[in-house]
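In case you want the letters, here they are:
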Amino acid sequence: MNRIQKMAWWMAIWISAGTILAAIAVAVLFFVIGMPWPIARAGLGFLGIAGFGGLGSLIFKKDKGKVTCDERDRLINNRAAVAGFGSAYMVAGVLCMLPFFVLGPAATISVTWLPDIFMAAGLTAFFVHSVAILAQYGWRAKDNE
């Protein structure tokens, strides 16, 4: 397993853990406290756990050898970056248009939702980038690598 795969697994695991813990915390706070919803949104603080995924480049040192990244690795990374950007764009679009279709064109929403939309798009970009890398490499280490 090369460095790129290790970093992709690291990122995917931390984003998944942060998202699952945040969803559980929001659900528990919502059912225990109930309304108001802004208090239950405090559970989204667990998404900060996903930030540990960014430490992958510090934890996994560069591979030893003359060639650490070839054309295939660059192509995989480029395709994964496009997939991550496309999915983030789609998530941001859906989250921005959802209030329009649910509440109607005359309604307004609070600007406090804007950081949440930005955060959802960013987490989606990094998560899909990691999953696309793993899918293109075959999800696990090969013996011939």
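Criteria and cut-off values
- Residues numbered from 1 in each chain as written.
- Predicted model: local features only at pLDDT ≥ 70, side-chain atom pairs only at ≥ 80, totals over all residues.
- Heavy atoms only, no water.
- Core = buried A, V, L, I, M, F, W, Y, C linked by side-chain atoms within 4.5 Å.
- Buried < 20%, exposed > 50% of the residue type's maximum accessible area, 1.4 Å probe, protein only.
- Helix = DSSP H or I, 4+ residues; strand = E, 2+ residues; numbered from the N terminus.
- Contact = heavy atoms within 4.5 Å.
- Axes fitted to C-alpha atoms, helices over the stretch in contact; angles between N-to-C directions.
- Parallel < 35°, antiparallel > 145°, perpendicular 65-115°, else oblique.
- Left-handed = near helix turned anticlockwise from the far one by under 90°.
- Nonpolar A, V, L, I, M, F, W, Y, C, P; charged D, E, K, R; others polar.

Details of the nonpolar core
Side chains of nonpolar character tend, in soluble globular proteins, to be buried together. With seven residues, the main nonpolar core is built from Ala8, Ile76, Ala80, Ala132, Ile133, Leu134 and Tyr137. Looking at this core, the elements with two or more residues in it are α4 (71-103) and α5 (114-137). The leading source of residues in this core is α5, at four residues.

Description of the side chain of Asp116
Note on placement: Asp116 falls in helix α5. On the basis of relative accessibility, which here comes to 17%, the residue Asp116 falls in the buried class. With sequence-adjacent residues up to four places away left out, Asp116 is seen in contact with Arg41 and Leu44.

Looking at the packing of helix α1 (residues 3-33) against α5
Direction vectors running N to C along α1 and α5 enclose 135°, while the axes themselves pass 9 Å from each other. The pairing of α1 with α5 is recorded here as oblique in orientation. Note that α1 runs across α5; the crossing there is left-handed. Between α1 and α5, the contacting residues are Ile4, Gln5, Ala8, Trp9, Met11, Ala12, Ile15 and Ser16 on the first element and Leu123, Phe126, Phe127, Ser130, Ile133, Leu134 and Tyr137 on the second. Classifying every residue of the contact of α1 with α5 by side-chain character gives 12 nonpolar, three polar and no charged.

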